[in-house]
Amino acid sequence: MAGDDETKPDDQTANDQNNRQPFLIGVAGGTASGKSSVCSKIMELLGQNKIDHHHRQVVILSLDSFYRVLSPEQKARALKGQFNFDHPDAFDNDLIISTLWDILEGKIVQLPVYDFVIHSRKEETVTVYPADVVLCEGILMFYAQEIRDMFQMKLFVDTDADTRLSRRVLRDICERGRDLESVLSQYIMFVKPAFEEFCLPTKKYADVIIPRGADNLVAINLIVQHIQDILNGGLNKKNNGCLEDYELTQNLQNTEPSSRPH
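Residues numbered from 1 in each chain as written. Predicted model: local features only at pLDDT ≥ 70, side-chain atom pairs only at ≥ 80, totals over all residues. Heavy atoms only, no water.

Student: Explain the side chain of Asn84 to me, please; I cannot follow it from the model alone.
Tutor: Relative to the helices and strands, Asn84 resides in the loop between α4 (72-79) and α5 (93-104). Owing to a relative accessible area of 19%, Asn84 belongs among the buried residues under this scheme. For Asn84, the side chain forms a polar contact with the main-chain nitrogen of Asp86, separated by 3.0 Å. Filtering out sequence-adjacent residues up to four positions away, Asn84 remains in contact with Ala90, Phe190 and Ala194. (Helix = DSSP H or I, 4+ residues; strand = E, 2+ residues; numbered from the N terminus. Buried < 20%, exposed > 50% of the residue type's maximum accessible area, 1.4 Å probe, protein only. Polar contact = N/O pair within 3.5 Å; in protein donor to acceptor, adjacent residues only side chain to side chain. Contact = heavy atoms within 4.5 Å.)

Here you go:
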C-alpha cells in the first residue's frame, strides 16, 4: 500500500532528532565563577530561551544534577556542613558518562534534580530532548579523563577568588538557607582546598579561557558566533566542528591578558 511507504511528519522529525550528532561543549571553573551565567547568556544570545524545550537546538546540563545519593551518615554530615561536595567522589561519574552517551546517540534523557537544602535527590526529573549543541557546566567537568574526552570544545570560566567567594556567600544564604558562619567554614574547610587541588589544574585542558565570566561579552559573542556556525552547518561535521577552534582561541586570548591562577 502507498500509505506504508509514506513517512509521517512526526516520525520524520523523530528520525531527524535521533540522527543528530550533538556538539558537546564542556564549561568548567571554580564555584560561583559564572559558569551557569555564561551558559545562560549563550542561550539568550542564540535566541534559544524563546523556543519550546522540545525544539531547542542548544541545551544546558549541570554537573549539580549528578551528585551521588548520600548514605544516612553522609547526609547527617552534609546537614552540618561537614561533607565535601567539591571532591570528585561526590559525583556519580557512571551516570554522567551514560547520560552523555545517550545524548550523543540522540536519545531523550531524564536528569536527576538535586535539592541542596535537604541534600537529596528529588523524585521529579528534568527531561532533556535531543539537540545540536549541548553545554555541560560544572566545577569538575574536566577532572575525569573519560568525561573530559567527550567534549569537542572546553571552556574554563576564570573569575577571581574574592568575587567567587562573595557570590557563593550570597547564594548559599539567600537560596539555600545557610548562615554566614557555616558558609565560610565550609569554604575554608572544603571548597577552597578542593578548587586548588581538583578544579584549577584542569584549566590546562581548556580550549578557551573566559576571564570575568558572563561580564566578558567579547568572549561570549565569539563563542556564540562559533556555535551559530555549527547550527547553520558552516563547519565540517567530520571534524566535529573544530575547524575554527584555533582561530577562536586566538581571538579570545587577544581580548584581554590571561588572568593568573588564584
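We are not done yet, so read on.
Student: Mind showing me how you'd approach the pairing of strand β3 (residues 109-115) here?
Tutor: The side chains of a regular strand alternate between both faces of the sheet. Judged by how many residues are buried, β3 sits mostly within the fold: six of seven residues are covered. As defined by bridge partners, β3 adjoins strand β4 (residues 120-128) across six bridges and the pair is classed as antiparallel. Residue Tyr114 lies in a different strand from β4, and its bridge partner there is Arg121. Hairpin remark: β3 followed by β4, antiparallel, with four residues in the connecting loop; positive phi at His119, about 55°. (Pairing = 2+ DSSP bridges.)

Student: How do you make sense of the nonpolar core when you look at a structure like this?
Tutor: Nonpolar side chains in soluble globular proteins generally cluster together in the buried interior. Among the nonpolar cores identified, the biggest contains 41 residues, and Leu24, Leu61, Phe91, Leu100, Met141, Ile147 and Phe151 are the most heavily contacted of them. Those elements giving two or more residues to this core turn out to be β1 (23-29), β2 (58-62), α5, β3, β5 (133-137) and α8 (180-199). When residues of this core are assigned to their parent elements, the largest contribution, five residues, is made by α5. Leaving out residues up to four positions away in the same chain, Ile147 has contacts with Asn93, Ile96, Ile97, Leu100 and Met141. Within the second largest apolar cluster, 23 residues are counted, among which are Val38, Ile42, Leu135 and Val224. (Core = buried A, V, L, I, M, F, W, Y, C linked by side-chain atoms within 4.5 Å.)

Student: What is the right way to read the packing of aromatic side chains from this model?
Tutor: For any pair of aromatic rings, the description consists of the separation of the ring centres together with the inter-plane angle of the planes. Enumeration over the complete set of coordinates arrives at nine aromatic pairs. Between Phe85 and Tyr114, the aromatic rings sit 6.3 Å apart at their centres with planes inclined by 65°, giving edge-to-face as the arrangement. Taken together, the residues Phe85 in the loop between α4 and α5 and Tyr114 in strand β3 connect sequence positions 29 residues apart. According to the relative accessible area criterion, Tyr114 is buried, its value standing at 8%. Relative to Phe151, the ring of Phe142 has its centre 6.2 Å away and its plane inclined at 65°; by these criteria the two rings are edge-to-face. Note on accessibility: Phe142 and Phe151 belong to one class, buried. Here a set of aromatic residues connected by ring pairs shows up, and it is made of Tyr67, Phe83, Phe85, Phe91, Tyr114 and Phe116. Directly above the aromatic system of Phe195 lies the positively charged group of Arg164, at a separation of 4.2 Å from the ring centroid. Positioned over the ring face of Phe116 is Arg176, at 4.0 Å from the centre of the ring. (Phe/Tyr/Trp six-rings, centres within 6.5 Å; stacked < 30°, edge-to-face > 60°. Lys NZ or Arg CZ within 6 Å of the ring centre and 35° of its normal.)

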